[in-house]
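The residues making up each chain are set out below.
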Amino acid sequence: MKIRFPIACLCVLLIASAAAAGLLSALEKARPRPAAEAGAPWLPPAGVVRVMSLGYHALAADLFWLRTVQYFGEHIQTDRRYPHLYRLVDLTTSLDPHFLDAYQLGGLFLSIGRAFPEAIAVYRKGIEHNPDRWELPYDLGRMYFLDLGDIPAALEWFERANRLPGHPPYVPRMVAHLRTRAGLIEAAIEMWERIRETTDNPWVREKATQEIRKLQARRHRGAPVTTGPTSGGKEGGAN
Amino acid sequence: MKTVAVAFNTFREAIRDRILYSLLVFALAMIGGSLVLSTLSVGGEVKIIKDLGLAAIGLVGTLIAVFIGVGLVHKEIERRTLYVIITKPIRRAEFVLGKFLGLAITLAVNVAIMAACLLLLASAMEARLTSELLVPIGMAFLKLMVVTAIAILFSTFSSPTLSAIFTLALVVGGSLAKDLKLFAASFGGPFTQAAVSAVYLVLPNLAALDLGGAVVHGGPIPAAAVGLAAAYGIAYVAALLVGAIWIFQYRDFK
């Protein structure tokens, strides 16, 4: 009797667990997969999340950043459309205004999605909250140079990055390239190489590799450095 | 000396409480889980570990302080051991202080275990000793002292359930004190603003003791800011303990 009871419990436990796993699997197959638009992330206003997080808003920012990365990852593999990306990045950076990676990668993700005005807004917000960091004006300058082909705006932001402490040696090199308008393709290749070396994101790495190949092909043809839109350049330099 | 004896007795009693171990395991799982979460991120991996680790220390420490703190005095009344204690040559103030110190020691041991786990993880991720985390961990401990003092204050005159509700309400209010003031400044009239300012000054401003944000981002923390925050925390704890002793002193146990 004493042995039978645990054996019976174990049998029921195993059968119930197997049944639950099987049913869950069947349920996932039976349920229609929501379209990308239907799966819009839950995005409450930053003020609400700030209050709800009871002082742990940096942690809330981390959780929304994870959601941002998942959202970008899901869509870059499927429809390559990112209608909620800006709001996710904005919410993350509103909850933690000093979250540098969120500005840098959020701006890069938005520029990959060709949402340039939103990317500019993200970089500018980051610069406003972190005026001593060289990385954000540098990234904004890089976007003006590589994506928008706006050399004067790019130069202004690179010069601003160059004035800030802690900048690496390649920043003044970029300033020199852009001032003389010489070796622009080499400068662009070097920038994409830096991105490829430093990113952990496979899609960003792939994008950098593709851009390097394009630029190398252009160098052979003697074409200009970028064919990107120039209208974004009107959105401003380093004021 | 009598205070120390009560403190160690309270500590021995607290470490027998199963809830303590459940919460500690939960905190360690949260800190360990941060490693898994960080692998899902692109950028900010170490930040996630530090934020989650500091949040685990704060949240679990608060739960330990509340759920053990609110029963400290009430249990002695319920088991009638208090009637024996107050007939001994021990002042009521010494008894309350001993209870507070006993829970403070319990929390110190728990915070030390959680902090060691967090430091180990963060140091391994950054390949250097992340000793700068000791400042926000120390401030988190001070925050827990404020919560413990609130719990003990309510415990001197109320039941554990009501004490837990009051303490948690004050902790939530204290966490939102700054937002409350900003809200009143934006929407309220002069009377509302004055009333909210008074509430703001009375509530424990727990956000003032939170220095995790600056440290996690590698920013400098002025020694004056740490000193002032620590002085604020100590002054608030002292005020709460005086209040608790005062109430307990005049409480009739007949």
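**Details of the overall build of chain B**
And step 1. Looking only at helices and strands, chain B features 12 helices and 0 strands.
And step 2. Traced from its N-terminal end to its C-terminal end, chain B shows the element sequence α-α-α-α-α-α-α-α-α-α-α-α.
And step 3. The C-alpha radius of gyration of chain B comes to 20 Å, within 12% of the 18 Å expected for a compact globule of 254 residues.
And step 4. Here chain B holds 254 residues, and 43% of them are scored as buried.
And step 5. Partitioning the contacts of chain B with sequence separation of at least 6, the portion at a separation of at least 24 is 79%.

**A closer look at the overall build of chain A**
And step 1. Regarding its fold elements, chain A presents 11 helices and 0 strands.
And step 2. Among the 239 residues that make up chain A, the fraction classed as buried is 37%.
And step 3. Put simply, of all contacts in chain A between residues at least 6 apart along the chain, 59% involve residues at least 24 apart.

**Considerations on helix α4 (residues 85-95) of chain A**
Residues and elements named next belong to chain A.
And step 1. Most of α4 sits inside the fold, with 8 of its 11 residues counted as buried.
And step 2. Among all positions of α4, only Leu 85, Leu 88, Val 89, Asp 90, Leu 91, Thr 92, Thr 93 and Leu 95 are buried.
And step 3. On its buried side, α4 packs onto α2 (46-52), α3 (57-77), α5 (100-112) and α6 (116-129).

**Quick notes on the packing of helix α9 (residues 177-187) of chain B against helix α10 (residues 190-202) of chain B**
All names here are of chain B.
And step 1. Where α9 meets α10, the closest approach of the two axes is 9 Å, and the angle between their N-to-C directions is 170 degrees. As judged from the angle between their axes, α9 and α10 are roughly antiparallel. Judged by residue contacts, Ala 177, Leu 180, Lys 181, Ala 184 and Ala 185 of α9 engage Thr 192, Gln 193, Val 196, Ser 197, Val 199 and Tyr 200 from α10.

**Thoughts on the interface of chain A and chain B**
And step 1. Facing the 18 residues of chain A at the interface are 22 residues of chain B.
And step 2. Among the secondary structure elements, those contributing two or more residues to the side of chain A that touches chain B are α2, α3 and α5 of chain A.
And step 3. Taken together, the residues that form the side of chain A that touches chain B break down as 11 nonpolar, 3 polar and 4 charged.

**Side note on unusual backbone geometry**
Residues and elements named next belong to chain A.
And step 1. One non-glycine residue, Leu 54, adopts positive backbone phi at about 50 degrees.
And step 2. Mapping Leu 54 onto the fold places it in the loop between α2 and α3.
And step 3. For Leu 54, a count of 19 C-beta atoms within 10 Å translates into the label partly exposed.
And step 4. Of note in this structure, Arg 80 is not a glycine but carries a positive phi near 55 degrees.
And step 5. Structurally, Arg 80 can be placed in the loop between α3 and α4.
And step 6. Accessibility expressed as a C-beta count within 10 Å gives 10 for Arg 80, which makes it exposed.

**A short note on the confidence of the model for chain A**
All names here are of chain A.
And step 1. For chain A, per-residue confidence averages 81 on the pLDDT scale, and 87% of positions sit at 70 or higher.
And step 2. Averaged pLDDT values over the elements of chain A bottom out at 78 in helix α9 (residues 170-180) and peak at 94 in α6.
And step 3. In the model, residues 229-239 has pLDDT below 50 throughout and makes 25 contacts with residues more than four positions away in sequence or in other chains.

**Some words on the environment of A:Glu156**
And step 1. Take A:Glu156: it is sitting in helix α8 (residues 151-163).
And step 2. Put simply, A:Glu156 and A:Tyr138 are 18 residues apart on the chain and 9.7 Å apart in space, counted from C-alpha to C-alpha.

**Considering the packing of helix α6 (residues 92-126) of chain B against helix α12 (residues 223-249) of chain B**
All names here are of chain B.
And step 1. Two elements in contact, α6 and α12, have axes whose closest approach is 9 Å; the angle formed by their N-to-C orientations is 135 degrees. As the angle between them shows, α6 and α12 are arranged oblique. As for the relative orientation of α6 and α12, their crossing is right-handed in sense. Mapping the contact onto sequence places Arg 92, Ala 93, Val 96, Leu 97 and Phe 100 in α6 and Leu 241, Ala 244, Ile 245, Phe 248 and Gln 249 in α12.
And step 2. Per-class residue counts for the contact of α6 with α12 are 8 nonpolar, 1 polar and 1 charged.

**Digging into the confidence of the model for chain B**
Residue and element names in this part refer to chain B.
And step 1. In this model, chain B carries an average pLDDT of 84, and 99% of its residues clear a pLDDT of 70 or more.
And step 2. When mean pLDDT is compared element by element in chain B, helix α7 (residues 134-155) scores highest at 91, while α9 scores lowest at 75.
And step 3. Complex prediction metrics read pTM 0.78 and ipTM 0.80.

**What about the environment of B:Ser123?**
Residues and elements named next belong to chain B.
And step 1. With respect to the element layout, Ser 123 can be found in helix α6.
And step 2. Measuring from C-alpha to C-alpha, the distance between Ser 123 and Ala 225 comes to 25 Å, with 102 residues separating the pair along the chain.
And step 3. Not counting residues up to four positions away in its chain, the partners in contact with Ser 123 are Arg 128, Leu 129 and Thr 130.

Rules used throughout
- Residues numbered from 1 in each chain as written.
- Chains lettered and ligands numbered in written order.
- Predicted model: local features only at pLDDT ≥ 70, side-chain atom pairs only at ≥ 80, totals over all residues.
- Helix = DSSP H or I, 4+ residues; strand = E, 2+ residues; numbered from the N terminus.
- Rg over C-alpha atoms; globule rule 2.2 N^0.38 Å.
- Buried ≥ 20, exposed ≤ 12 C-beta atoms within 10 Å, placed from the backbone.
- Contact = placed C-beta atoms within 7 Å.
- Axes fitted to C-alpha atoms, helices over the stretch in contact; angles between N-to-C directions.
- Parallel < 35°, antiparallel > 145°, perpendicular 65-115°, else oblique.
- Nonpolar A, V, L, I, M, F, W, Y, C, P; charged D, E, K, R; others polar.
- pLDDT = per-residue confidence, 0-100.
- Left-handed = near helix turned anticlockwise from the far one by under 90°.

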